[in-house]
Each structure stands twice: as structure tokens, then as C-alpha cells.
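One letter stands for each residue in the lines below.
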Amino acid sequence: SAVISQKPSRDICQRGTSLTIQCQVDSQVTMMFWYRQQPGQSLTLIATANQGSEATYESGFVIDKFPISRPNLTFSTLTVSNMSPEDSSIYLCSTEGRDGYTFGSGTRLTVV
Amino acid sequence: DAKTTQPPSMDCAEGRAANLPCNHSTISGNEYVYWYRQIHSQGPQYIIHGLKNNETNEMASLIITEDRKSSTLILPHATLRDTAVYYCISHDNFNKFYFGSGTKLNVKP
């Protein structure tokens, strides 16, 4: 299965600023997915990112708040824009693997 | 949206089998049942998946009822390191992975 390197692993950010999270896959993959996990909650899908096209966002998530890039088949970024304390969460990327989905190790974001 | 239901928490004694149930009564014919676990808010880890036959690997066994409306994940000899949140997901190759609320398994010494 694909191996995903995600960074940063954690960050503390000031409200009103933006943070870009990167995910690098060790093989070419068609689709990548971004999830958010709020404290004590399950994972919620934010969007699906295909190379060469705009990301598809789930209900409740918008591109202005969570712009996504997918410049090639091994890389994707998620930006959390104009952050507020409510954005404090773990953000995870994933992609399809041989056995279901493979996940990055997550980015723990704290907004102060 | 998640199409599975699981109990919010379960306890299991160390060394005993942990049996985690999942209800997926609306599963369609081409959807697999996947099980993942998440330890300490790390990225979810794949455990096992199946379509209609029972499956076993080095980590666990998956028992799927004949009508496919429910399944059970079995950890044959639970250890303290198996304490985690376990997610049951129904998925086919065309849908996205949606997580339900999962079961928090507490393995106790």
C-alpha cells in the first residue's frame, strides 16, 4: 500500500492566519482525500482531490476556507484559511491503497 | 454519510477475545465491509475487509452474517495495545470513505 508523509505533524497558530498542510505519497495515486477530526469526534471528510481538476467539497466545507491543491499524482496540500479556535482539529490526508484507504499520520492544529 | 452503527464503547479483559459488532443493514451488494482502528489520534490503521465470506488475517477475523446486514470483528487475544477506537465502514470502489462514530475498545489488565 501507498505510504503517505504528512507535515507538519502539529502546529499552534494565531487566529486570522492560514496554515498549509502537505501530503506526499510514495507512489502515483488518482484520488486523495482530506479529513478533519475535531476533538473527541470521528473523522469527517472535507474534500476529494483529483489531479488536474478542482477539488470536490463535502457539504459544510467550502473552497475559500479550505483551498486544496493537487499539482501532480503524488502530492496535495490543504490550506486552513483565516483560522479561528473552532478550526482546532486533527487534519488527515488519505488515498486509496491495496486494502481500502491509507492515511497520513495527521496534523494536529491548535488555533489560539 | 456513514451507513454503519456501532456501540460507543466496549470493555475487554487482556488475553480474552474482543468481539466488536457492526450493523450495516443498508449495505448494497457491491459494498465491502472495512474495519479500521485509530490509536491515540494517529492516522487510522487498516485491519481487515470482506464482502460476504468470513476473513482472517494476522490481526483479526471478520465474521459477516449471511444476509450481510451485520458483522463482527474479532481480536482473538486482546492486549493493552489494542485499546483504540474501531471503525466499521461499508464501501465500494465508487463511493468515498465515510466514518461513523466507532467503538472505543478498552482492554483492561
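Please read all numbers here as calculations on a predicted model, not as lab measurements.

**Side note on the confidence of the model for chain B**
- The pLDDT averaged across chain B works out to 93; a share of 98% of its residues lies at or above 70.
- By mean pLDDT, strand β8 (residues 84-91) of chain B is the weakest element of chain B at 94, and strand β6 (residues 61-64) of chain B is the strongest at 98.

**Regarding the interface of chain B and chain A**
- Across the boundary between the two partners, chain B contributes 20 residues, which contact 20 residues of chain A.
- With both chains or domains summed, chain B and chain A bury close to 1,400 Å², and 53% of this area falls on carbon and sulfur atoms.
- Among the residues chain B hides against chain A, the three largest losses belong to K96(B), F97(B) and F99(B). Together they make up 33% of the total.
- At the surface where chain B touches chain A, the tally comes to 1 salt bridge.
- As a salt-bridge pair, E58(A) and K96(B) come within 2.8 Å of each other at their nearest N and O atoms.
- Remark: the boundary between chain B and chain A carries 6 residue pairs in polar contact (both at pLDDT 80 or more).
- Secondary-structure elements contributing two or more residues to the side of chain B that touches chain A are β3 (32-38), β4 (45-50) and β8 of chain B.
- For the side of chain B that touches chain A, a count of residues per class yields 8 nonpolar, 11 polar and 1 charged.

**A look at the layout of surface pockets**
- Each pocket or cavity is described by its volume, and for the largest pocket that value is around 370 Å³.
- As for the largest pocket, its lining consists of 22 residues, and the residues nearest its centre are Q37(A), Q38(A), G40(A), Q41(A) and S41(B).
- Counting residues per element, the ones that place at least two in the lining of the largest pocket are β9 (89-97) and β11 (107-111) of chain A together with β8 of chain B.
- Its residues placed into classes, the lining of the largest pocket shows 7 nonpolar, 13 polar and 2 charged.

**Notes on the sheet that holds strand β8 (residues 75-80) of chain A**
Residue and element names in this part refer to chain A.
- Read from one edge to the other, the open sheet built from 4 strands follows the order β1-β3-β8-β7, with strand pairing classed as antiparallel. The open sheet has two edge strands with one neighbour each: β1 (4-7) and β7 (68-72). Across the sheet, the axes of successive neighbouring strands diverge by a mean angle of 15°, strand direction being ignored.

About the cut-offs
Residues numbered from 1 in each chain as written. Chains lettered and ligands numbered in written order. Predicted model: local features only at pLDDT ≥ 70, side-chain atom pairs only at ≥ 80, totals over all residues. Heavy atoms only, no water. pLDDT = per-residue confidence, 0-100. Helix = DSSP H or I, 4+ residues; strand = E, 2+ residues; numbered from the N terminus. Contact = heavy atoms within 4.5 Å. Buried area = accessible area lost by both parts, 1.4 Å probe. Salt bridge = Lys/Arg side-chain N within 4 Å of Asp/Glu carboxyl O. Polar contact = N/O pair within 3.5 Å; in protein donor to acceptor, adjacent residues only side chain to side chain. Nonpolar A, V, L, I, M, F, W, Y, C, P; charged D, E, K, R; others polar. 1 Å grid on protein atoms, 1.4 Å probe; cavity = no way out; pocket = protein on both sides within 12 Å on 5 of 7 lines; lining within 4 Å. Points joined across faces, edges and corners; volume = space filled by probe spheres on them. Pairing = 2+ DSSP bridges. Axes fitted to C-alpha atoms, helices over the stretch in contact; angles between N-to-C directions.

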